[in-house]
Amino acid sequence: MSTTRWAGRRPALLMALLLVAVLAACAAGAGGAPAFQDAGDEGAGAGGAPAELDGGDRAGGGEGEEEPGGGLFAPIEQRIVKTGEITLEVENVGEMIGRVRAMATTLNGYVGGSQAGTLDDRATLTLRIPADRFDEALAELHAMDADVVAEATREQDVTGQVVDLQARIDNLEASERSYRELVARATDVDDILAVQTRLDQVRGEIEQLTAQLEQIEGQAALSTLTVTLVPSAEPVTEQTEAWDPGKQLERALASLVGIGQGLFDGLIWFAVVWLPILLILSLLVLVALRAVLEVRRRMPPSAPRTGDEAA
């Protein structure tokens, strides 16, 4: 290709690259998504394909075929993520673990994880059950020879998340096709590197969103049910475990210390407050008695009465 011919085609390629980037930025500003997510969709829907493309397979073209019923899209299947926890009081933990495992297998599920102690310690099993058999699993657990101590279930509608992720993936794949067309038609090394860099970023985003979508789809397809098994205690055992001589001794010593502290506090108050007051009152009483006695001592004695005066 001659220099003059390349000089005439290179601006067109650069303009195509600029057009894709501008459309992607506009789409991101309107929809709140990253710029590269809507670039392919804009190019397909508005006729914004790269200038170098010659009527080939445009990005996003032919993807929204009309359904026989007249609608553009098929009905969206609702996705529900179900989770639950249930605690059962059982007589034999080891035997019940086997029964719960067998139940999960019968319902086409499996045990995702388990934690069990020794002998008759409590055990926890995490079951992954198909979503359409989640209620059946709970019913079978209720029917077992066990007492239900606690139960909790939750349902979360993730249909909107699935639709959003799928739409973003579709837009990114449309952008990816546009960039691949540009790479195929570019001849300048700098242009190829620029488009390839953007293409790698788009591919990375597609893989990341695809992993998120698969994770949500997996959670919706298989519900999570956590089963906790606790051993039922005997009445004598419960009473024995409830009685603690050490705690009783600590309580008795605490009461004794409290009584001693009360007595000592009373002595302190008596020595500091009441003893000085009593001493002062005693001194005042002594002074008053001495004054009375002194007054009576100084008074003249009364004369004895004669017989006539007495008559």
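Calculation criteria
- Residues numbered from 1 in each chain as written.
- Predicted model: local features only at pLDDT ≥ 70, side-chain atom pairs only at ≥ 80, totals over all residues.
- Heavy atoms only, no water.
- Helix = DSSP H or I, 4+ residues; strand = E, 2+ residues; numbered from the N terminus.
- Buried < 20%, exposed > 50% of the residue type's maximum accessible area, 1.4 Å probe, protein only.
- Contact = heavy atoms within 4.5 Å.
- Expected span 1.5 Å × (residues − 1).
- Arc of directions from axis to C-beta.
- Polar contact = N/O pair within 3.5 Å; in protein donor to acceptor, adjacent residues only side chain to side chain.
- Salt bridge = Lys/Arg side-chain N within 4 Å of Asp/Glu carboxyl O.
- Core = buried A, V, L, I, M, F, W, Y, C linked by side-chain atoms within 4.5 Å.
- Pairing = 2+ DSSP bridges.
- Lys, Arg positive; Asp, Glu negative; His and termini not counted.
- Axes fitted to C-alpha atoms, helices over the stretch in contact; angles between N-to-C directions.
- Parallel < 35°, antiparallel > 145°, perpendicular 65-115°, else oblique.
- Left-handed = near helix turned anticlockwise from the far one by under 90°.
- Nonpolar A, V, L, I, M, F, W, Y, C, P; charged D, E, K, R; others polar.
- Patch = residues over 30% accessible without salt bridge, like charges linked within 9 Å, V, L, I, M, F, W, Y side chains within 5 Å.
- Areas by Shrake-Rupley, 256 points an atom, 1.4 Å probe, with all protein chains shown as cover.
- Charge placed at Lys NZ, Arg CZ, Asp CG, Glu CD.

Novice: Quick one: what's the story with the overall build of the chain, residue by residue and with numbers?
Specialist: A tally of helices and strands in the chain yields nine helices and five strands. Taking all 311 residues of the chain together, the buried fraction comes to 26%. Relative to all contacts within the chain whose residues are 6 or more apart in sequence, the contacts with residues 24 or more apart total 76%.

Novice: Break down helix H3 (residues 93-106) for me, citing the residues and quoting the values.
Specialist: For H3, spanning 14 residues, the distance from its first C-alpha to its last is 20 Å, which sits close to the expected 20 Å at 1.5 Å a residue. Of the residues making up H3, those classed as buried are Val93, Met96, Ile97, Val100, Met103 and Ala104. Seen end-on, H3 carries its buried residues on one side only, within an arc spanning 125°. Of the exposed residues in H3, those oriented more than 90 degrees away from the buried face are Thr105 and Thr106. For H3, the secondary structure elements touched by its buried residues are strand E1 (80-90), strand E2 (110-116), strand E3 (123-130), helix H4 (134-143) and strand E5 (222-231). Sitting at the amino-terminal end of H3 is Asn92, which places a side-chain oxygen 3.2 Å from the backbone nitrogen of Gly94. Backbone geometry just after H3 places Asn108 at a positive phi near 65°.

Novice: So what's going on with the pattern of salt bridges? Which residues, and what values?
Specialist: The final tally for this structure, using the stated rule, is seven salt bridges. Its salt-bridge partner being Asp164, residue Arg168 comes within 3.7 Å of it at the nearest N-O pair. Placement of both Arg168 and Asp164 in helix H5 (residues 159-185) is noted, with a separation of four residues, approximately one turn of the helix. By relative accessible area, which is 24% here, Arg168 ends up partly exposed. Salt bridges sharing common partners tie together Glu176, Arg180 and Arg203.

Novice: Kindly report on the nonpolar core, identifying the contributing residues and their values.
Specialist: Core analysis: the largest hydrophobic core is formed by 23 residues, its most contacted members being Leu88, Leu127, Leu141, Leu225, Val227 and Leu229. Examining the composition of this core, we find that six residues originate from one element, H3, more than from any other. For Leu229, the contacting residues outside a window of four places in its chain are Leu88, Val90, Val93, Met96, Ile97, Arg122, Ala123 and Leu125. Counting residues in hydrophobic clusters, the runner-up holds 16 residues, among them Val81, Ile169, Val195 and Leu199.

Novice: Provide a residue-level description of the pairing of E5, including the pertinent values.
Specialist: Taken across its 10 residues, E5 has seven buried, putting it largely inside the fold. As paired strands, E1 and E5 are joined by eight bridges and run parallel to one another. Across the sheet, residue Glu85 finds its bridge partner in E5, namely Thr226.

Novice: Tell me about the side chain of Arg128, and name the residues and values.
Specialist: When you line up the elements, Arg128 lands in strand E3. Here Arg128 is buried and forms no salt bridge, its nearest opposite-charge partner Glu217 lying at an N-O distance of 11 Å. At 3.3 Å, the side chain of Arg128 forms a polar contact with the side chain of Thr224. The residues touching Arg128, leaving out its near neighbours within four places in the chain, are Gly109, Tyr110, Gly218, Gln219, Leu222, Ser223 and Thr224.

Novice: Tell me about the sheet that holds E2, and please be specific about residues and values.
Specialist: Pairing between the strands of a sheet comes from backbone hydrogen bonds, and it takes one of two forms, parallel or antiparallel. Pairing in this open sheet of five strands is mixed, and the strands run E2-E3-E5-E1-E4 from one edge to the other. The sheet is open, and its two borders are formed by E2 and strand E4 (147-157), each paired with just one other strand. When strand polarity is set aside, the average angle formed by the axes of neighbouring strands in this sheet is 10°. Across six bridges, E2 lies against E3 in antiparallel orientation. Across the sheet, Ser114 pairs through a bridge with Leu125, a residue of E3.

Novice: Got a sec to walk through the packing of H5 against helix H6 (residues 189-221)? Specific residues and values, please.
Specialist: Contact geometry for H5 and H6: axes closest at 9 Å, N-to-C directions at 155°. Taken together, the axis directions place H5 and H6 in an arrangement best described as roughly antiparallel. Pair H5 / H6 crosses with left-handed handedness. Along the lines of polarity and charge, the residues of the contact of H5 with H6 split into 14 nonpolar, five polar and eight charged.

Novice: Account for a negative patch on the surface, naming residues and giving values.
Specialist: On the surface, Glu91, Glu95, Asp145 and Asp147 cluster together into a negatively charged patch. Note that Glu95 resides in helix H3.

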